[in-house]
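# Fold and contact review
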Amino acid sequence: MGECPHLRSKAKDVTPLIKDILEEVAKETVQQWQYRLKNLAPELIEELNVKKEPDKGLKALDVEEGKQVVMRFAPNPNGPPTLGSTRGIVVNSEYVKKYGGKFIIRFDDTDPQTKRPMLEAYEWYVDDCKWLGANPDDVVIASDRIPLYYEYARKLIEMGHAYVCFCDGEEFKKLKDVKQACPHRDVTPEDNMEHWEKMIAGDYEERSAVLRIKTDISHKDPALRDYGAFRIVRSSHPRPEIGSRYCVWPLLDFEGAIEDHELGMTHIIRGKDLMDSEKRQGYIYKYFGWEYPKTTHWGRVKMHEFGKFSTSGLRKAIEEGEYSGWDDPRLPTLRALRRRGIQPEAIRKFMIDMGVGETDISISMDTLYAENRKIVDPIANRYFFVWDPVELKITGTKKCVTTPALHPTEDRGRREIEVTDAVQICKEDAEKLHSGSKIRFKDLYNVEVTSLEPLQAQYLDNSIDSLKKEKMRIIHWAPVDGVVVKVLSPDGEYTGIAEKQIKNELNRIIQFERFGFCRIDTIDDNMVVAYYTHK
RNA sequence: GCUCCGAUAGUGUAGUCCGGCCAAUCAUUCCGGCCUUUCGAGCCGAAGACUCGGGUUCGAAUCCCGAUCGGAGCACCA
């Protein structure tokens, strides 16, 4: 019926027929259905077993034939990249990978005052992009290109599309709210040019003048009425090569508008908080006769595990020693996740599966951890780590060596642990014991607890049968001559004893059984430091 | 106050443009089971959703109107 419109008018006649047939079919069993289907249309049986594959990955981009895609990630480097910035890196670079083209990282560092850039962060962004497999084809720094912006500003002034406004901020807002032009709007281009040259020469005080783009002062959306393009900022820029060279800085909508055109951007994906930017910048594009890139927007992403945090707030907390640094495992920075052993592929998959929706979302780290676990589980060697250790003496056996596999399913060899007459076990396991408890030390043997003070057990046997028969609990343990380990995790620190062999695992992800995955971060003579990845 | 978006299981997401193949996808979480040895990994299984109300239509998650809820912009921040 979908294909033959002329039959649609008969739809009402068909309904009772279908009802009768369905009633008849309902009387039969599933087996009868299958039998009949096999005779009628065997190919449909196959179809029943085929699982529907959802569209994986990102939605198709509207790409013009024969045109190469150019996309960008445009952060203000006023702090290190976080999980939030990562969406921009991954999604934009993924599209470029998919369609072929250029991925540009552009530093929108044109505010030396309120959102003052951080010198180290420029490197961090580039570095983290590379780590994420989003190698930029080009790196552009806005603060290097101020003269370019000045040139375009002059052109707009000449054309009568921009004016230097000397209104006080509040004053202007009042006029704007009632769709009234301010007295400076109708000044001649010549006079405006003179004001502008004075402005960039440093003749005016901060906040005394601003260059505005003429839009439509009576536009129904107040956000679009004559917006600011340049303002005066006397603070010096943190980049030494820029320093105090300029006292007039462009605002985002102007700088972004010019750069997106200059760099030949074909598509822009950004937060929906910047939806108005397109409309505002549209005026500039119209004045110059440029074509606006195609835009897509996404909503806010919040991680359940991380509350609101501002870069400036974090910076302060780090300076005060509340956090160990920008890679403190409690932080959602890429540097921290990396140190914890989160793999770039997991982050990419996480971001790509999340897609590009305009809904504001709140997602759990568990989803990212699950992706990471799939990557890390097959490559992580297994070891014993006993946190809050207590010693347990064993009687009735002599020194022995056990050789558990490094991995339960992958064949990667074995480790060796020598056990004499005692082991370390977790305090929380010890507390569940009572005299007479029969337990299994994983990959070692079965014992029966004979005393709690001091903690002591008697060797029973090494049989799996008795383990099953007695339904013994299986706990892990560590040799008494193990290595001291400190694990730094988002929830705090754990200290304990682990097998010595983890000293061979520097920078690798391992799994501490019954604890979780960790990345071995540093090793010295008497201590190993590990970063907790996830369980 | 003005303006602009959005709404599918606990959480994300596919499907919405172009109404029928949707008895609505996949993942995660949770629950249950399995494992000659991880209570935390792995494997298997199950549960769970179209915000609400009208309208159009033979037929609506899909189109239209309204309501509700949520978000954003109206900066000399990005």
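Here is a short report on the structure shown in this document. It should be emphasised that the depicted structure is a prediction, and the values quoted were computed from it without experimental measurement.

Right, let's talk about the packing of aromatic side chains for a bit. One pass over the structure, following the stated rule, counts 27 aromatic pairs. A centroid spacing of 6.3 Å and a plane angle of 20° characterise the contact between Y95 and Y99, whose relative ring orientation is stacked. One end of the pair is Y95 and the other is Y99, both in helix 4 (residues 83-99) and four residues apart, which spans about a single turn. What makes Y99 partly exposed here is its relative accessible area of 31%. For the ring pair Y283 and Y287, a centre distance of 6.5 Å and an interplane angle of 50° mean the geometry is tilted. In this pair, Y283 and Y287 are both assigned in helix 10 (residues 275-288), four residues apart and thus about one turn of the helix distant. For Y283, a relative accessible area of 12% corresponds to the buried category. Ring pairs connect the aromatic residues Y150, W196, F230, Y246, W249 and F254, which therefore count as one cluster. The aromatic ring of Y122 is capped on one face by R239, whose charged end is 5.9 Å from the ring centroid.

Before going further, it helps to spend a moment on helix 7 (residues 169-177). Looking at where helix 7 begins, the residue whose side-chain oxygen comes 3.1 Å from the main-chain nitrogen of E170 is D168. Among the residues trailing helix 7, K179 stands out with phi positive, at a value near 60°.

Time to look at the nonpolar core. Membership of the largest hydrophobic core comes to 48 residues, with the highest contact counts inside it found for I347, M365 and L368. Of all the elements in the fold, those that place two or more residues in this core are strand 1 (69-73), helix 4, strand 2 (101-107), helix 5 (119-131), helix 11 (311-319), helix 12 (334-339), helix 13 (344-354) and helix 14 (365-376). Not counting residues up to four positions away in its chain, the partners in contact with L368 are L83, I342, A346, I347 and F350.

The buried fraction of strand 8 (residues 267-271) is high, at five of five residues. The sheet contact formed by strand 8 and strand 9 (residues 294-298) spans five bridges and is parallel. In the sheet register, G271 faces strand 9, and the bridge partner there is W298. For the handedness criterion, the β-α-β arrangement of strand 8, helix 10 and strand 9 is classed as right-handed.

Once that is clear, we can look at the pattern of salt bridges. Oppositely charged side chains may form a pair once their charged atoms are brought near each other. Applying the stated rule across the entire model yields 38 salt bridges. Where E499 meets R415, a salt bridge forms, and the shortest distance between an N and an O atom there is 2.9 Å. Here E499 is found in the loop between strand 24 (492-498) and strand 25 (509-512), whereas its partner R415 is found in the loop between strand 15 (400-402) and strand 16 (417-419), with 84 residues between them in sequence. Per residue, the accessibility class of E499 equals that of R415, and both read buried. K442 serves as the salt-bridge partner of E513, at 2.9 Å between the closest nitrogen and oxygen. On the criterion of sequence distance, the pair formed by E513 in the loop between strand 25 and strand 26 (516-524) and K442 in the loop between strand 18 (438-441) and strand 19 (446-451) is long-range, its members being 71 residues apart. The exposure class assigned to E513 is buried, which follows from its relative accessible area of 11%. One continuous salt-bridge network, built from bridges that share partners, spans R72, R106, D108, E255 and D260.

Each value, and the rule that gives it
Residues numbered from 1 in each chain as written. Chains lettered and ligands numbered in written order. Predicted model: local features only at pLDDT ≥ 70, side-chain atom pairs only at ≥ 80, totals over all residues. Heavy atoms only, no water. Phe/Tyr/Trp six-rings, centres within 6.5 Å; stacked < 30°, edge-to-face > 60°. Helix = DSSP H or I, 4+ residues; strand = E, 2+ residues; numbered from the N terminus. Buried < 20%, exposed > 50% of the residue type's maximum accessible area, 1.4 Å probe, protein only. Lys NZ or Arg CZ within 6 Å of the ring centre and 35° of its normal. Polar contact = N/O pair within 3.5 Å; in protein donor to acceptor, adjacent residues only side chain to side chain. Core = buried A, V, L, I, M, F, W, Y, C linked by side-chain atoms within 4.5 Å. Contact = heavy atoms within 4.5 Å. Pairing = 2+ DSSP bridges. Right-handed = clockwise from strand over helix to strand, strands pointing away. Salt bridge = Lys/Arg side-chain N within 4 Å of Asp/Glu carboxyl O.

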